[in-house]
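Observations on the model geometry
Given next are the chains, with one letter for each unit.
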Amino acid sequence: MMTVHEVSELTGVSVRALHHYDQIGLLRPTRVSEAGYRLYGSEALERLQVILLFRELEFPLKEIRRILDSPDFERGRALEQQIALLEMKKEHLENLIDLARGIKMIGVKRLDFTAFDTRKIDEYARQAKESWGHTPEFHEYEEKAKGRTKEMERQISVELMGILAAFGGMQGEGPACAAAQGQVQKLQDFITEHFYACSDEILAQLGQMYAGGGSMTVNIDNAGGEGTAEFASEAIKVYCGKS
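Keep in mind the model is a prediction, meaning the values are calculated, not measured. (Residues numbered from 1 in each chain as written. Predicted model: local features only at pLDDT ≥ 70, side-chain atom pairs only at ≥ 80, totals over all residues. Heavy atoms only, no water.)

1. Notes on the sheet that holds strand E1 (residues 2-3)
The antiparallel open sheet is built from 3 strands, whose spatial order is E1-E3-E2. Where the open sheet ends on each side, the last strands, each with one partner, are E1 and strand E2 (31-32). In the sheet, E1 pairs with strand E3 (residues 38-40) via 2 bridges, with the strands oriented antiparallel. Note that in E3 the partner of Thr3 across the bridge is Leu39. (Pairing = 2+ DSSP bridges. Helix = DSSP H or I, 4+ residues; strand = E, 2+ residues; numbered from the N terminus.)

In structure tokens form, the structure reads like this:
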């Protein structure tokens, strides 16, 4: 585990920014110590890496949070976009360096501004943003989130985690038991009411994410006990007929 100051030193992200990420639900610490210190594990650091990649694409923080929490988020796809953008920026910088060296050696012989043209980079960043922002679920979530205060968003997150944590007390009965299946229905209804229409297909994707080993898995297990995330995922598989 790393403290917020250690994470700041490692990543270059200010302590103030990390606190802000926590407040808006973008990057929660893995746990908070008894003394009140934020502590970050490997899953949280992995999520921070992805956040910083999207920041390079100039996404607003609010959009990044929605994308990372979306069931159709693909980290590999995001990484491919980031690599492509960095290669474009590298080419742009190399062109500027060549231009500057040429001016230093022979002076300005002709006015050439092509090295300053960033339209290709800007267009790619625009297309990347659009590729993440055009799903129906994303737009529905945007509409439902309009007018919500930070406290309202926090309360919804708390209630959602409470629904997931409740699976922890059902592990002795098996994922196909009536209680677990009823809890899955409650989860699906809650997501539909507060986020977007949660079809069985989307719910199955969410179930895979819950047990995927990232920060969501850790948070669910912290709230409901060890194995809760995996059990919830198995219950969702049964509910969606994918077991």
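2. What about the pattern of salt bridges?
Per the counting criterion, the structure on display carries 5 salt bridges. With a shortest N-O distance of 2.9 Å, Arg154 and Glu151 are connected by a salt bridge. In this pair, Arg154 and Glu151 are both assigned in helix H8 (residues 150-165), 3 residues apart and thus about one turn of the helix distant. According to the relative accessible area criterion, Glu151 is partly exposed, its value standing at 43%. Close ionic contact of Lys237 with Glu234 constitutes a salt bridge, the shortest N to O distance being 3.5 Å. Note that Lys237 and Glu234 are positioned in helix H12 (residues 228-239) at a spacing of 3 residues, about one turn of the helix. Several salt bridges converge on common partners, so that one network encompasses Asp22, Arg28 and Arg38. (Salt bridge = Lys/Arg side-chain N within 4 Å of Asp/Glu carboxyl O. Buried < 20%, exposed > 50% of the residue type's maximum accessible area, 1.4 Å probe, protein only.)

3. A look at the side chain of Gln188
Considering the arrangement of structural elements, one finds Gln188 in helix H9 (residues 178-194). Looking at Gln188, its side chain comes within polar contact range of the main-chain oxygen of Cys198, at 2.8 Å. Apart from the residues lying within four places of it in its own chain, the contact partners of Gln188 are Cys198, Ser199, Asp200, Leu203 and Tyr239. (Polar contact = N/O pair within 3.5 Å; in protein donor to acceptor, adjacent residues only side chain to side chain. Contact = heavy atoms within 4.5 Å.)

4. Thoughts on the packing of H9 against helix H10 (residues 200-210)
H10 packs onto H9 with a crossing angle of 105° between their chain directions and a minimal axis gap of 11 Å. As judged from the angle between their axes, H9 and H10 are roughly perpendicular. Within the contact between the two elements, H9 uses Val184, Leu187, Gln188 and Ile191 and H10 uses Asp200, Leu203, Leu206 and Tyr210. (Axes fitted to C-alpha atoms, helices over the stretch in contact; angles between N-to-C directions. Parallel < 35°, antiparallel > 145°, perpendicular 65-115°, else oblique.)

5. Points about the nonpolar core
By size, the foremost hydrophobic cluster in this structure holds 28 residues, and its most contacted members are Phe167, Leu187, Ile191, Phe195 and Tyr210. At the level of secondary structure, the elements contributing two or more residues to this core comprise H8, H9, H10 and H12. With residues near it in sequence (within four places) discarded, Ile191 still touches Leu160, Tyr196, Cys198, Leu206 and Tyr210. Counting residues in each nonpolar core, the second largest holds 25 residues, with Ala44, Leu48, Ala78 and Ile121 among its members. (Core = buried A, V, L, I, M, F, W, Y, C linked by side-chain atoms within 4.5 Å.)

6. Here we look at helix H5 (residues 75-106)
An ideal rise of 1.5 Å per residue puts 46 Å on 32 residues; H5 measures up with 47 Å between its terminal C-alpha atoms. All of the buried residues in H5 are Ala78, Gln81, Gln82, Leu85, Met88 and His92. (Expected span 1.5 Å × (residues − 1).)

7. Topic: the packing of H10 against H12
For the pair H10 and H12, interaxial distance at closest approach is 8 Å and the crossing angle is 160°. Put simply, H10 runs roughly antiparallel to H12. Of the two elements, H10 crosses H12, and the hand of that crossing is left-handed. Counted together, Asp200, Leu203, Ala204, Gly207, Gln208 and Tyr210 of H10 and Ala229, Ser233, Ile236 and Tyr239 of H12 form the full contact between these two elements. (Left-handed = near helix turned anticlockwise from the far one by under 90°.)

Interpretation in functional terms is not warranted from these geometric data alone.
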